[in-house]
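# Fold and geometry: a report
So the chains spell out like this:
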Amino acid sequence: MAARQDFGDLTRFDEYHQMQDGIESETTEEVEPQKQRIIRINSPQTANYSSNKISTAKYSILSFLPKFLFEQFRKYANLFFLFISLLQQIPEVSPTGRYTTAVPLLLILMVSAIKETVEDFKRHQADDGVNNRTVYVLRDGAWRPLKWYEVVVGDIVKVLNAQFFPADLILLSSSEPQAMCYIETSNLDGETNLKIRQGVTQTAKLLTHDDLLELSGTAEVELPNQHLYDFVANIRPSGRLAIPLGPDQLLLRGAMLRNTKWIFGLVVYTGQESKLMLNSTSAPLKRSNVEKVTNSQILLLFGILIVLALISTIANVVWTGQHEVGVWYMGYQELPPSNFGYNFLTFIILFNNLIPISLQVSLEVVKFIQAIFINWDLDMYCGESDTPAMARTSNLNEELGQVKYIFSDKTGTLTCNVMEFRKCSVAGICYGYINADDMIEDEAALLKGAKQLGYVFTSRTPEAVTVTVFGREERYEILNVLEFTSDRKRMSVVVRGPDGKIKLLCKGADTVIYERLDEDQLYRDITLSHLEEFAALGLRTLCIATIDVPEDFYDEWRHTYYKASTSIQNREKKLEEAAELIERNLKLIGATAIEDKLQDGVPETIANMCQADIKVWVLTGDKQETAINIGYSCHLLTPGMPLVIINEHSLDPKKASLVEHPGDIAETRPGFGDLLRKENEVALIIDGQTLKYAMTCDCKQDFLDIAISCKAVMCCRVSPLQKAELVELVKRSVKTITLAIGDGANDVGMIQSAHVGIGISGVEGLQAACASDYTIAQFRFLNKLLLVHGAWSYSRLCKLILYSFYKNICLYVIELWFAVVSGFSGQILFEKWTIGLYNVIFTAAPPLAMGLFDRYCSSDARMKFPSLYKSSQNAEHFNVKVFWMWISNSIFHSILLFWMPVLALQQDTAFSNGQVGDYLFLGNFVYTYVVVTVCLKAGLETSAWTWLTHLAIWGSIVSWFLFLIVYSHVYPSVDLAPEMHGMDSHVLGCSLFWMGLMLIPVCCLLRDLVWKVLSRTLYKSLREEVQEKELAHEDPSGVILKSTRKRLTETARLLKNVLTRSTARVPSSTDQPHGYAFSQEEHGVVPQADLIRAYDSRKEKPEGLIQSAISKSINTSILILFSLIVDGYAFSQEEHGVVPQADLIRAYDSRKEKPEGL
């Protein structure tokens, strides 16, 4: 009934009130008026909208086959072997049979398909966990618990405290006064401080489901868009004036309801059309850098193969022309030679194995098992949350070993989302830790600690707060609230105490409080030293001051303040001037220090990343001061490090700022000189508004040059889309491997944009984890993931790839040398199934052993000495130069492996009776030497021998000899390989064979051995030195310190001096901003004064229809005054929010019951 009365006050009118007459945002300025969404309230919709079911998986049942095949045939090797398989189906073209390529290719695709299916199934499971959450929906006249995916546009939902919003909602009403509610948006923008949203007055009294059922009409909303902070809509009750709505009434999917029993909301955007999902990008098909390099070299090898086939075909034509007449036994008269085209295709098939078909299978198997190693690593298991590390894809294991840039979220990634009241200074005395953890809100942390000291909150009304001090009840009347703003950096409350005296209580940043202190201060210096101590610990600090206000002065001042508060022009400026009149000659009480607790091991992890030459950029939605504090806490920023702070709010000043920066550093941007785009001991701080202009075409390159010249970069107040754009910019422009790590839905974009995405499986939902490539429970596990698993995976896979090409070229280039002595006829030297089994059996195990178990240094050494990471980071193990050195070496070995047996058989008889062998006799000689040589080469390249390595190498050699014996006696029992019948006795019974077995592999590998000895003696790398120390059971610390010791050049020292003199320097002890701990939202939806006066703690809050099982928590705003009285803690409200701070304070009356929503 209350709702009808409220709507009845609206003026009826016949003409439709169009949406463009209301509030506008940048998202609708260019949209035609008719392009809007009309939602019918409590009626069926006239249009179909997006389902509320979301998916972060790569594949669906329908898209799996085309997407999978596209991804597989982006690999040039697979495309090439498909081409060869088709060629082999042409009759009388293939010298190696019709299915010797098709069958292995099919096996490769099957293995890859199974791996992709398993990995994507995990993503679908995580998505199902989100889609199957429950929420109360008003259906058929009653509240019904439905799954999220069943929610549709136009539904009215009831969300309870500590629940996520299932879709984008218009706030109708809540359990709080004046339809206010508190939300946490850390999943969207990284901020843990609570924000206030407020429904419009006309819907605020819809407190029961009966009221909601009587509501009818339409809601006109703009079309779905990705702008999180813009929203334009009208809600129009039937036949009445449209009520304009804006961002203050919008509750976004991904945000959480906090400190509010319930809210009623109207669903406007669902699923993929929600603003959260529109800020996400589709799951990309990522490829590693190693794979890209391999692809390019395969393309080049294919070109070489075509050239070899063309040369061989031409040589065949020449040879045939010279011998067509007179060589009767060739039978050219009865059967003419093949034409040029057929011969060309024959040679393509003959040389196709220069590109190893086994490589893809080996890579898939090794990467899959490497991912299992990551999953099983107990060092990355979090016992508190029972969460292991998880490799959600295995395609990017080697990328973990090449990371150069880490882009990290702050809240929930570096921090725990836990506020701890760590220290305070009162009257010059420093007090230590007070147990107040498990509280996210600043005031709640203080209240808990204060209660332990005898200060207990009792009740609150819109006019006063009652506290019990050591058993004695005291009442403080709220007279005025002077709101916090970023410019003021402080907040004050004017109160009348139980003794009738008026006091002003002020909390704020130390710089602004010290400027307003009375000259005669007892604790100025000692408190300042305490502040420096707190700041050195990375704590967020506030100073507390007070002053007794004479009654006559207050009477005069409140008139001035009232005039300022009712001014139409320059109201905010006049309010600040009025506040200045009373906030002076303050008496210092002390200071407080809280910690947004860092996760365990974060400073050490960041220090290790820096030692590994990895740059860390922090991208957060938090305020600049908060981010800087965390930067110092986690040791990303260090004392004495110059800060380049760029804050501009339009394009032209931004351009000038970038050109000048470090213009404060030197006279112009070229102040970096030769060190531009090289790492300098400088930190760049930039906010989201400035970044918006920095990312324009005119400024982008200047911004990037400055950013990559700095050791650390912190971007504050950035949107999810800006995070993704920044990662994309660095990835595209700097050409290095990037890694993004975060825990919230606001991090999904950058996680998917980076080469490697890491999700923290924390408290902010599963969106980041679902979109990531790897998940870990805590930031510190990045140490083991990168420095050990990443470096090992990279070096192992590089060896596997290089060795696979090496062993194939060793064998199959021999077909070219044999063509020289066989008239380029296309005849193969080896039996066709022994060719096929070369990669499947006889040389399959050594690369797998290297890919799984080889390592240069132990896990402990890599964790202790992060600088070992640089060798993999700099692609020392795999690049174009290294690739072609291996190719050249394999060609050299193939020459020796073919021509030495040929020369031996030419110079001597094979048997004492004068008998000679056929081409297969020579072929099996050569084949045996190749198998032995390539297996021994694997041993030569192995750095860590295990029993499995021994089994792989020696077992492969033995397997060939066993196969030769068995295969030589298959025929005639089985109609297979009659030409191999009795071959074992011929080969093994020849003395020349055994002499060659002793000499030829040694001759091939002698050069490799000599080179290895010389390089490890004269040009020893850091990892080789550490490896030798480990094998000798000595401490490698001395080697590491010697190699990593750096000295600043005179240029760098001069730059450092210039930077220190800049205006962006670290302030001295008298003006250093220690990071005030205000966490409220500036310009929030509810003014701070209104918020304070809105509550009455004596009243119960409404429950909605369904009684909440969650116990009532202390509302953040109840603590404001008490926080000021005791220690002046920050309070969690948006600056300039939808409800002014003063109004918020006066909105509550704790003596009144809150509505239950029945």
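Below is a short write-up of the structure. These numbers were taken from a predicted model, which means no experiment stands behind them.

## A word on the overall build of the protein
- Scanning the protein for helices and strands turns up 40 helices and 35 strands.
- Taking all 1158 residues of the protein together, 59% fall into the buried category.
- Sequence separation of 24 or more characterises 77% of the internal contacts of the protein that already satisfy a separation of 6 or more.
- Of the roughly 46400 Å² that the protein leaves accessible, carbon and sulfur atoms contribute 58%.

## Overview of the side chain of Ser 175
- As for its position among the elements, Ser 175 is in the loop between strand E5 (168–174) and strand E6 (180–184).
- You can call Ser 175 buried: its relative accessible area is 1%.
- In this structure the side chain of Ser 175 is engaged in a polar contact, spanning 3.1 Å, whose partner is the backbone nitrogen of Lys 261.

## Re the nonpolar core
- Within the largest apolar cluster, 100 residues are counted, with the highest numbers of intra-cluster contacts made by Ile 814, Phe 878 and Phe 898.
- Excluding residues that lie within four positions of it along the chain, Ile 814 makes contacts with Leu 829, Phe 830, Ser 894, Leu 897, Phe 898, Val 926 and Val 930.
- Grouped together as the second largest cluster of nonpolar side chains are 54 residues, Val 130, Val 200, Ile 235 and Leu 251 included.

## Looking at the pairing of strand E23 (residues 540–549)
- The element E23 is extensively covered by neighbouring structure, given that nine of its 10 residues are classed as buried.
- When strand E22 (residues 502–508) meets E23, the two strands line up antiparallel, connected through seven bridges. Looking across to E23, one finds that Leu 505 is bridged to Thr 546.

## Quick notes on the sheet that holds strand E3 (residues 142–147)
- Strand order in this open sheet of six strands is E3-E2-E4-E13-E5-E11, and the pairing throughout is antiparallel. With one partner strand each, in any of the chains shown, E3 and strand E11 (250–251) form the two edges of the open sheet.
- As paired strands, strand E2 (residues 134–139) and strand E4 (residues 156–160) are joined by two bridges and run antiparallel to one another. From the neighbouring strand, Val 137 faces E4, where its bridge partner is Val 157.

## Digging into a nonpolar patch on the surface
- Together, Tyr 76, Leu 79, Leu 82, Leu 86 and Leu 299 make up a nonpolar patch on the protein surface, roughly 450 Å² of accessible area in all.
- Of the residues forming the nonpolar patch, the biggest block, four residues, is contributed by helix H3 (residues 76–87).
- With respect to the helices, strands and loops of the structure, Leu 86 is situated in helix H3.

## Notes on the packing of aromatic side chains
- Enumeration over the complete set of coordinates arrives at 35 aromatic pairs.
- Centre to centre, the rings of Tyr 812 and Tyr 838 are 6.0 Å apart; their planes meet at 85°, and the pair counts as edge-to-face. Of this pair, Tyr 812 sits in helix H24 (residues 782–812) while Tyr 838 sits in helix H26 (residues 832–842), and the two are 26 residues apart along the sequence. Summarising the burial analysis for this pair, Tyr 812 and Tyr 838 share the class buried.
- Ring plane angle 75° and centroid distance 5.3 Å describe the contact between Phe 842 and Trp 960, whose orientation is recorded as edge-to-face. With Phe 842 in helix H26 and Trp 960 in helix H32 (residues 947–967), this pair connects stretches of sequence that are 118 residues apart.

How each quantity is defined
- Residue numbers here run from 1 along each chain, matching the order of that chain's written sequence.
- Given that this is a predicted model, residues contribute local features only at a pLDDT of at least 70 and side-chain atom pairs are listed and counted only at 80 or more, while totals for whole chains, interfaces and linings are drawn from all residues.
- Heavy atoms from the whole structure form the basis of all side-chain values; hydrogens and water molecules are not counted.
- Counting from the N terminus, the helices are DSSP H or I runs at least four residues long and the strands are E runs at least two residues long.
- A simple rule labels every residue: compare its accessible area, found with a 1.4 Å probe on the protein chains alone, to the largest value its type can have, and call it buried under 20%, exposed over 50%, or partly exposed in between.
- We call two residues contacting when some pair of their heavy atoms lies within 4.5 Å.
- Accessible surface is estimated by sampling points in the Shrake-Rupley manner with a 1.4 Å probe; for residues, cover comes only from the protein chains shown.
- Pairs of N or O atoms are called polar contacts if they sit within 3.5 Å, as long as, within protein, a hydrogen donor faces a hydrogen acceptor (for residues adjacent in sequence, only side-chain-to-side-chain pairs).
- What is meant by a nonpolar core is a set of buried Ala, Val, Leu, Ile, Met, Phe, Trp, Tyr and Cys residues, joined one to another through side-chain atoms within 4.5 Å.
- For two strands to count as paired, DSSP must find a minimum of two bridges between them.
- The patches described consist of residues with a relative accessible area above 30% and no salt bridge, like charges being joined within 9 Å and nonpolar side chains (Val, Leu, Ile, Met, Phe, Trp, Tyr) within 5 Å.
- Salt bridges are counted wherever a side-chain nitrogen of Lys or Arg sits within 4 Å of a carboxyl oxygen of Asp or Glu.
- Planes of paired rings set the category: under 30 degrees apart is stacked, over 60 is edge-to-face and the rest tilted, where pairs are Phe, Tyr or Trp rings (Trp by its six-membered ring) whose centres lie within 6.5 Å.

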